[in-house]
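In case you want the letters, here they are:
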Amino acid sequence: MPEFCDVALPVPLHMVLTYRVPEEAIAVVGSRVIVPFRRQRLPGVITELHDRAPKVKTKTVLQVLDETPALSEELLWLGKWISDYYLAPIGEVFRSMLPLNAEFRRAIVYRISEEGRMALHLAGSGGSSLRSHKNPEEQDIEYRALNYLAMRDEVREGTLRSATGIPPQLLAGMIRKKWIEREDASHVTDAARTRKVAVLLNRPSSGGCPLKADGGSLDGRGRPPLHDQVNVAAGVKAPEAPLQSRLNANQRLILGALTTAGGKLELKTLRELDVPRSTLATLVRGGFVELINESVPFSKSTVTPRGLGKGMEFHSAQQAALDRIRVLVDAKKFAGILLHGVTGSGKTAVYLAAMKSVLDAGRTAILLVPEIGLTPAVAADVHEIFGDEVAILHSGLSDKERAEQWHRIRRGEARAIVGTRSAVFAPVSNLALIIIDEEQDSSYKQEETPRYHARDVAVMRAKVSDAVVVLGSATPSLESYFNAKKHRYALVEMPDRVEKRPLPVVEVIDMRQEFQETGNEQVISRKVMEEIRLRLERKEQAMVLLNRRGYSPVVLCRTCGKKLECSNCAIALTHHKSRRRMECHYCGFMSPVPKHCASCGSEYVYFLGTGSEKLEELLHGYFPQARIARLDRDTVRSHADFERVLNALNAGELDLLVGTQMIAKGHDIHGVTLVGVVGADMALGLPDFRAAERTFQLLTQVAGRAGRGEIPGKVLLQTYFPDHYSVQYAAHHDFAGFYEKELRFRSWMHYPPYSSLANVMVRSTKLDETLRWSGVLGRWFERNRHEGVRVLGPAAAPIERLKRDYRYHFILKSPSRQKLNTVLRAMLVEAEKEKIPRTNVIVDVDALWLM
Ligand SMILES: [Zn+2]
Ligand SMILES: [Zn+2]
C-alpha cells in the first residue's frame, strides 16, 4: 500500500492535499475519506496514491469510507475536466458529483478537562474562580454545563446546549479558560442507505395464530421470503402457544397494524402508534416480529402513463431518428446527435424507445430533463416501461433518498436513469446513451460553484465512455445548432407533428395599436378575450401565458417617484396580493404592503403592472363561470401540486390555465386549442445578448401547447415589439430563419458560439471592497494585455446589488477557449496575491446570464 494519498476536499482551494494513509487501511483512488482539515473533519476524495513524502508534516487519514471507488475512473476524469474547464475547485466539483451528504453527520463533541473538574470541585466547596464570575446567571449555566459534562464521557453540542441552555459565547469562553475541550467528531453513517422495517414473522400454526383472536388473518402474504431462514439462523425458538393468550393490548395493536399493512411497516410509522418502545422489543424477543434494514423504495407517480412504451406506431421521421440512434449506439463509439423536432413531433417516444433498446442490450442509459420537465407524466411513462430498473433523480428528493438512489445505480439495480442536471453524474457503468431533453433549457446550468452546464458535461461524459449523446429540442440553442451545422453533431430533423397534425396558426397582436384604438392600456386584448370566450362556449381549453409571477411587479410613489426596492437587492419588490406582502424574487426578502411611501410619507402609493396572480383575477372577473387554475412558482410548491393541476387539465376539469413559463414546457394536453401570450416579450427589454434567443424559444414552446389533439390550435401573441425578428420568426415557425439571423448578430458582436465567453463577478457586502477589488483586477487586465482575449469592464453589473452583495463585473471574450482559460487562471492567481477571497470572485465560464 502506498504511504500517502492526495485528497480533494470540498473547500475553495485549487489544489489537493497530501495525507498519510493509515496502516492496514485499504484505500483506492476514488474512495471517500475523512480527514482532519484545520480544526474540522471533512470528507474528501482520493485523487492519487503515492510514496512521495511531502516536505511539511503530514496528517493521517481518519477513515477510509469506500474500499471500492465511489467515483469511477471515468467520473474522476470528468470531475477533473469540469474543474479545469469551469475553473472550479476540484473538491467542490467532486462534492456535487457525490450526493452523499446524508451519510456524513456533522458532530461537535465536548469533554470536561482536568482544569474543568478542578473548577467544578472548587465551586462545590465555596469561593472559587467559578463563583467569582461577574454575572451570577452565567455562572450558574457554566456550573450546570460542567456538572453535566463531568458525569459523561463526551457530549454532543446539540445535547449539551438543550440540556443546560448554554449559549455559544459561554461555550467559547469555557474553551478559552481550558475548562472544556471541543472536538469535531463528524462521522459517517449508513443510515441513509436503508430504513428500519418491522416484519411480521410467519408463526407456526399449531397453537393457532395469535391474531386469529382478533379476527385478523395471517397467511404470510406480502412477507419477504427470508423470514424462516432468518428465524432459524438466529436460533429463535418458536414461542409456546400459551404466550399468545398473554399478548397485551399494545402488542395486539402493533401486530394488528402490521397485518393490515400486509406484514411489513417502517419503524417510523409504528412509533406513531403511541405504544411504548419496549412493546416492540418484547415482540421481537418473542419471535413475533423481526427488525430488518431494507433499501428505501422510491415513490412512484400516480399519473396514468400515456402508453408511450407500448409498441406505438412511429411515423417515418420518428423511426428514422430511432434507427439512427440505434446504429450509432451499436458502434460503441462516441457520437453526438442533435434531434431537432417541432413541438408535438413525438421526441419523448423516441427517447424512451432508444433507452429501451439500450437496456435490452444489457447496457445503461441516462435521460436528462429540465427541472420543470420532470413531469409526473414522464415519470409514469418511464416506470411503465422500465419498472424497477429506473431511478428517478430530481430536486425534490431528500438527501437520504438521493443517497439511496445513488447506491441503487451504483449496484447496477437501476440502469435507466432519469433526472435533472446532476443526474449526469449518475454512477452507472457500461454507459451507452445520454439523452438531453430540451437541451436549450437554462436549468441545465448550475448557477453556483461548480458552475457547470450539464449538457456540455454530458457530451464530455459520452466522449470518455464511448457512448452516444442525443441533444433533443424543438428550439435548439444557438451553440448546439451551430455545432450541428459544423458537423460536430449529426443533425436529425423531425419536421412534422405526430399523425400529421398541423402546427398552430399564430397571429401577432400589436399592443401599441390596441392602445390607440381602445384609449387605455389593456392587459388582455379584445381579440384574446373574444377567442377565449369562443373556446369556453365550445367547451375547449385555453392557456394564457404571462411570464411574471405575483400581482403587481412595481410599487411606485407618485409624489417622490421612488420605487419600493428590496433591502438586499437593487430589485423592485413584487406585490403578492393573496399573501398580503411584498416579496423579492431574487433573495426571498419580504415586507408588508406599504400604505405610505417609505421615503416621503406620501399616501399616493401606486401598484403598477400585472403579474400572473392579477391576470388570474382579471380572468375570473371576465369569465365568472370558467374553471380557472394558475401554474407558477407561487401555486406550485411541489411535484404533487404540479401533478394535481395537470391532471385536472387533462381530465377536462379546467377551462383555463394561467401561468408563467411553467405552462410552456413539454406538457401534452390534448384539449388545449388556444394559447394566448399576454407577456412573453418582456425579456426583449433586458440587457442580455441572449434575450432574442430566449424570447424565440419561449414563444415557440408555448405555441407548441396548442392543438396537440384532434382540433387544430391557435396562438395569439400580444406584443409591443411586433416587428422584432424573434417574434416574427416564432410566429412563422421558422427556426432556420431565426438561427441564421441570430448567428449573424452573434458573429458581429463576437458572442457565442463564435467566441468563448466568461463573466467574472466581483462581489462584497461592502461597496468599497467591491470597488477596490474590481479596480485591482481591472488594472491587472490593463497591464497584462492578453492577445486574442477581449476584456470589457469593470462595470456595475446590471443588477448592482444582489443578496446584500454589491457587484461589479468583467466580460471576457475570446475565439480561443484555451487563451480565455489561461487568462482566467492567471487572474485568479493575481486575486489570491492581492488577498481577494476566492469566494468573492466568481468566474462563470460560458455564462448564461450576464445580469
Ligand atoms: Zn414618496
Ligand atoms: Zn432581494
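Worth saying up front: this structure is predicted, and the values here are computed from it rather than measured.

Student: Just checking my understanding: could you explain the sheet that holds strand β8 (residues 155-156) for this structure?
Tutor: One open sheet holds the three strands; their spatial order is β8-β7-β9, and the pairing between them is antiparallel. At either end of the open sheet lies a strand with only one pairing partner, and these are β8 and β9 (180-184). Direction of pairing for strand β7 (residues 108-112) relative to β9: antiparallel, over a ladder of five bridges. For Val109, the partnering residue across the bridge sits in β9 and is Glu183. The sheet contacts of helix α4 (residues 136-150) involve β7, β8 and β9, and relative to β7 the element is tilted by about 90°.

Student: Help me understand the coordination of the zinc ion (ligand 1) in this model?
Tutor: Ideal geometry at a metal gives 109.5 degrees between four tetrahedral donors and either 90 or 180 degrees between six octahedral ones. For the zinc ion (ligand 1), the full set of protein donor atoms is Cys557 (SG), Cys560 (SG), Cys597 (SG) and Cys600 (SG), at a range of 2.3 to 2.4 Å. Here the zinc ion (ligand 1) binds four donor atoms, and the angle range of 107 to 114° at the metal identifies the geometry as tetrahedral. Of note, the zinc ion (ligand 1) draws all its donor residues from one chain, in the sequence arrangement C-x2-C-x36-C-x2-C. One end of the pair, Cys557, is in strand β23 (residues 554-557); the other, Cys597, is in the loop between β26 (590-591) and β27 (605-608), and 40 residues separate them in sequence. Comparing Cys557 with Cys597, the two get one shared label, buried.

Student: Sorry, what's going on with the sheet that holds strand β33 (residues 790-802) here?
Tutor: By definition, the strands of a sheet pair up through backbone hydrogen bonds, in either a parallel or an antiparallel sense. Spatially, the four strands line up as an open sheet ordered β33-β34-β32-β35, and their pairing is antiparallel. At either margin of the open sheet sits one strand with a lone partner, and together these are β33 and β35 (841-845). Adjacent strand axes in the sheet meet at a mean angle of 20°, parallel and antiparallel pairs treated alike. Where strand β32 (residues 756-764) meets strand β34 (residues 805-814), nine bridges bridge the pair, whose relative direction is antiparallel. Among the inter-strand pairings, Asn759 is bridged to a residue of β34, identified as Ile811. Running over the sheet, helix α26 (residues 817-833) touches β32, β34 and β35 and is turned about 170° from β35.

Student: Help me understand the pairing of strand β28 (residues 628-631), please; the structure alone is not making it clear to me.
Tutor: Two faces, one strand: in a regular strand the side chains alternate between the faces of the sheet. Here β28 shows two buried faces, one formed by Ile628 and Arg630 and the other by Ala629 and Leu631. Where β28 meets strand β29 (residues 656-659), four bridges bridge the pair, whose relative direction is parallel. If you follow Leu631 over to β29, its bridge partner there is Gly659. Assessed by its sense of winding, the connection that carries the chain from β28 through helix α21 (residues 639-650) to β29 is right-handed.

Student: Looking at this structure, how should I read unusual backbone geometry?
Tutor: A negative phi angle characterises most non-glycine residues, just as the trans form characterises most peptide bonds. Cis geometry is adopted by the peptide bond preceding Pro753, which originates at Pro752 and carries an omega value of 5°. Relative to the helices and strands, Pro753 is located in the loop between α24 (735-749) and β32. Here the bond from Gly793 into Pro794 is cis, since omega is 5°, no more than 30 degrees from zero. Among the structural elements, Pro794 can be located in strand β33. Here Glu499, not a glycine, exhibits a phi torsion of approximately 55°, which is positive. Relative to the assigned elements, Glu499 resides in the loop between β20 (490-494) and β21 (505-510). We classify Glu499 as exposed; its relative accessible area is 61%. Look at Asp846: it is not a glycine, yet its phi comes out positive at around 55°. Secondary-structure assignment places Asp846 in the segment after β35. Note on Asp846: relative accessible area 16%, which makes it buried.

Student: I'm lost on the environment of His453 in this one. Help?
Tutor: Inspection of the secondary structure puts His453 in the loop between β18 (431-436) and α16 (454-464). Judged by its relative accessible area of 4%, His453 falls in the buried class. It is 55 Å that separates the C-alpha atoms of His453 and Glu115, two residues lying 338 residues apart in sequence. Not counting chain neighbours up to four residues away, the residues in contact with His453 comprise Tyr86, Glu439, Tyr444, Lys445 and Leu848.

Definitions and cut-offs
Residues numbered from 1 in each chain as written. Chains lettered and ligands numbered in written order. Predicted model: local features only at pLDDT ≥ 70, side-chain atom pairs only at ≥ 80, totals over all residues. Heavy atoms only, no water. Pairing = 2+ DSSP bridges. Helix = DSSP H or I, 4+ residues; strand = E, 2+ residues; numbered from the N terminus. Contact = heavy atoms within 4.5 Å. Axes fitted to C-alpha atoms, helices over the stretch in contact; angles between N-to-C directions. Donors = N, O, S within 2.8 Å, 3.2 Å for Na, K, Ca; no water. Tetrahedral: all angles 85-135°; square planar, octahedral: opposite > 155°, others 65-115°. Buried < 20%, exposed > 50% of the residue type's maximum accessible area, 1.4 Å probe, protein only. Right-handed = clockwise from strand over helix to strand, strands pointing away.

Nothing here speaks to function; it is all geometry.
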